[in-house]
Amino acid sequence: MWWDERVSARFRRNLQPTLTYWSVFFSFGLCIAFLGPTLLDLRCQTQSSLSQITWVFFSQQFCLLLGSCLGGVFKRTLAQSLFALFAASLAISLVFAIIPLCHNVVVLAVVMAVAGLAMGCIDTISNMQLVKIYQKDSAIFLQALHFFVGFGALLSPLIADPFLSDTNCILSNATANASSNLPHIRKSLVPHHPGNLSHYDLPMKGMVVTHVSYAFWIMALINLPVPIAVFFLLYKERMVPCFNSSSHPLLSADELAMETRPAEKDDLSTTVQRPQTARGHDDLFSCCQSKNFRGASYTYFAVHITGALVLFMTDGIVGEYSGFIYSYAVEEPLSVVHKVAGYLPSLFWGFITLGRLISIPVSYRMKPATMVFINVVGVLVTFLLLLIFSYSVVFLFVGTACLGLFLSSTFPSMLAYTEDILQYKGCATTVLVTGAGIGEMVLQLLVGSIIHDQGSYSFLVCGMIFGGLAFTFYAFLLFFHRMYPKPSSDTDAASPDKPAVMDDTGLYQR
């Protein structure tokens, strides 16, 4: 195997929880990408205008951000985390099943808001729990985690595609004229962000003809094994009522010897009995309490802030690029035909998924700090080349693929790097997830307004600026890392930037 026996033993011992968290992130990906291609059929189902139906995007994205902030509330114990993941993954299946029954756009927006809350909780809790389990070895498992969200994001549009209407799904006298706009409109409704569709006129009254309900029911069935997997993990951990009295199995002698470093002299029984309520990985509101700041140096705050700003920029680039690359390609000077330009968002997400798959073995051989450096430099150079060759359609496709590869592993690598700096005792996971979510929302809105005022060329200029800012913030993070106090044997466990000795046994404790 391409990893050492110690990591392999830890993975085998934590196989079920690890696979469960990966599967839950598949639910996240499945839910995040279906809305774009199905939105026109949902418009017909709710008999609403394009401007009304696009508010569904906002309700999902806003509540995803809110759910990311609130997700840390449920991580105080393993039982709370698993029950929250069970409820969130089950809610996503229920959302898929309920969407075909929503015949009012307000009801649909509320249902998608529930889905957003569930997705936000999944995002925060899954990242936190994997970091807790693997700590210094978490980078490779975080890369795999984020591969599954990309896999789900690729799968849901493929499931929906056979059931999408080829012509306008509201039959009226204006159907023939309106249907000619459908290819352009549908390609503009890519994941995360709808384009400017106010100048398109589609009929709102007439007979509704759509079969998209079957796609949602299929996705509900595909997602159903995920909450079942979480329930089985709850059952295994004796957290289901009437099964919570049994004790956990002990480690085997071989696993114990492999996990315990010879130089360490900590008593294992003391480590096992250490309470789960130790500081670290608080929710956003707990992180902001003044008692957590006592004794913290300025570098403690600087690491959190600069790490979040890097992801604010890079995740913002993911959102704005996937949302506007089609609109940029069909405008002058490129004037790519609509059918060809429609492949660009799929190419971008495809290479993000491929990059996350490649990053799984690479992250074991390469430090997270090095991977983030390669990512941010690659994004900056790619945007620079896209600006230089802005008249080349071929390089637009090449650059889109390269950008997807460089952005693919940024989030998990940054999370592993920042948590490693803070010795897994800060609020890095919560702060970084929240910063990434805010960036994805804010930069989409910002770039959309800039393109509307300045023209399509500003799309690449904005990307270049955001890439430059990401590199700048990462340089500051490296500087603060060098300034951050190194842990010592007599470290005060009560101080945020002076963590207690870590539990390296890899125990999956309650």
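Structure shown above.
Residues numbered from 1 in each chain as written. Predicted model: local features only at pLDDT ≥ 70, side-chain atom pairs only at ≥ 80, totals over all residues. Heavy atoms only, no water.

A word on the overall build of the chain
Alright, step 1. Scanning the chain for helices and strands turns up 23 helices and four strands.
Alright, step 2. Put simply, the chain has 510 residues, and 57% of those count as buried.
Alright, step 3. Here the chain has roughly 21,300 Å² of accessible surface; of this, 67% comes from carbon and sulfur atoms. (Helix = DSSP H or I, 4+ residues; strand = E, 2+ residues; numbered from the N terminus. Buried < 20%, exposed > 50% of the residue type's maximum accessible area, 1.4 Å probe, protein only. Areas by Shrake-Rupley, 256 points an atom, 1.4 Å probe, with all protein chains shown as cover.)

Concerning a nonpolar patch on the surface
Alright, step 1. Taken together, the side chains of Trp 55, Phe 58, Phe 62, Leu 66, Leu 70, Val 73, Phe 74 and Leu 117 define a hydrophobic patch exposed on the protein surface, amounting to about 690 Å² of accessible area.
Alright, step 2. By residue number, the principal contributor to the nonpolar patch is helix 5 (residues 55-71), which donates five residues.
Alright, step 3. Summarising the element assignment, Phe 74 is placed in the loop between helix 5 and helix 6 (78-98).
Alright, step 4. A relative accessible area of 36% places Phe 74 in the partly exposed class. (Patch = residues over 30% accessible without salt bridge, like charges linked within 9 Å, V, L, I, M, F, W, Y side chains within 5 Å. Salt bridge = Lys/Arg side-chain N within 4 Å of Asp/Glu carboxyl O.)

Regarding the packing of helix 1 (residues 5-13) against helix 2 (residues 15-32)
Alright, step 1. For the pair helix 1 and helix 2, interaxial distance at closest approach is 4 Å and the crossing angle is 75°. By the criterion of interaxial angle, the relationship of helix 1 to helix 2 is roughly perpendicular. Here Phe 11, Arg 12 and Arg 13 of helix 1 come into contact with helix 2, specifically with Leu 15, Thr 18 and Trp 22.
Alright, step 2. Of the residues belonging to the contact of helix 1 with helix 2, the class tally is three nonpolar, one polar and two charged. (Axes fitted to C-alpha atoms, helices over the stretch in contact; angles between N-to-C directions. Parallel < 35°, antiparallel > 145°, perpendicular 65-115°, else oblique. Contact = heavy atoms within 4.5 Å. Nonpolar A, V, L, I, M, F, W, Y, C, P; charged D, E, K, R; others polar.)

So, the packing of helix 16 (residues 298-330) against helix 18 (residues 343-365)
Alright, step 1. For the pair helix 16 and helix 18, the least separation of the axes is 8 Å and the interaxial angle reads 150°. Judged on the interaxial angle alone, helix 18 and helix 16 are roughly antiparallel. Where helix 16 approaches helix 18, its residues Val 318, Tyr 321, Ser 322, Ile 325, Tyr 326 and Ala 329 are matched on the opposing element by Leu 344, Pro 345, Phe 348, Trp 349 and Ile 352.
Alright, step 2. Tallied by class, the residues present in the contact of helix 16 with helix 18 amount to ten nonpolar, one polar and no charged.

Some details on the packing of aromatic side chains
Alright, step 1. Taken as a whole and judged by the stated rule, the model has 26 aromatic pairs.
Alright, step 2. Geometrically, the ring pair formed by Phe 26 and Phe 151 is tilted, given 5.7 Å between the ring centres and 35° between the ring planes. Residue Phe 26 is found in helix 2, and its partner Phe 151 is found in helix 8 (residues 138-160); the two are separated by 125 residues along the sequence.
Alright, step 3. The buried category is assigned to Phe 26, whose relative accessible area is 11%.
Alright, step 4. Ring centres of Phe 147 and Phe 151 lie 6.3 Å apart, and the angle between their planes is 20°; this geometry places the pair in the stacked category. With Phe 147 and Phe 151 both in helix 8, this residue pair falls four residues apart, about one helical turn.
Alright, step 5. When its relative accessible area of 38% is taken as the criterion, Phe 151 is described as partly exposed.
Alright, step 6. What links up through ring pairs into an aromatic cluster is the set Phe 11, Trp 22, Phe 26, Tyr 134, Phe 141, Phe 147, Phe 148 and Phe 151. (Phe/Tyr/Trp six-rings, centres within 6.5 Å; stacked < 30°, edge-to-face > 60°.)

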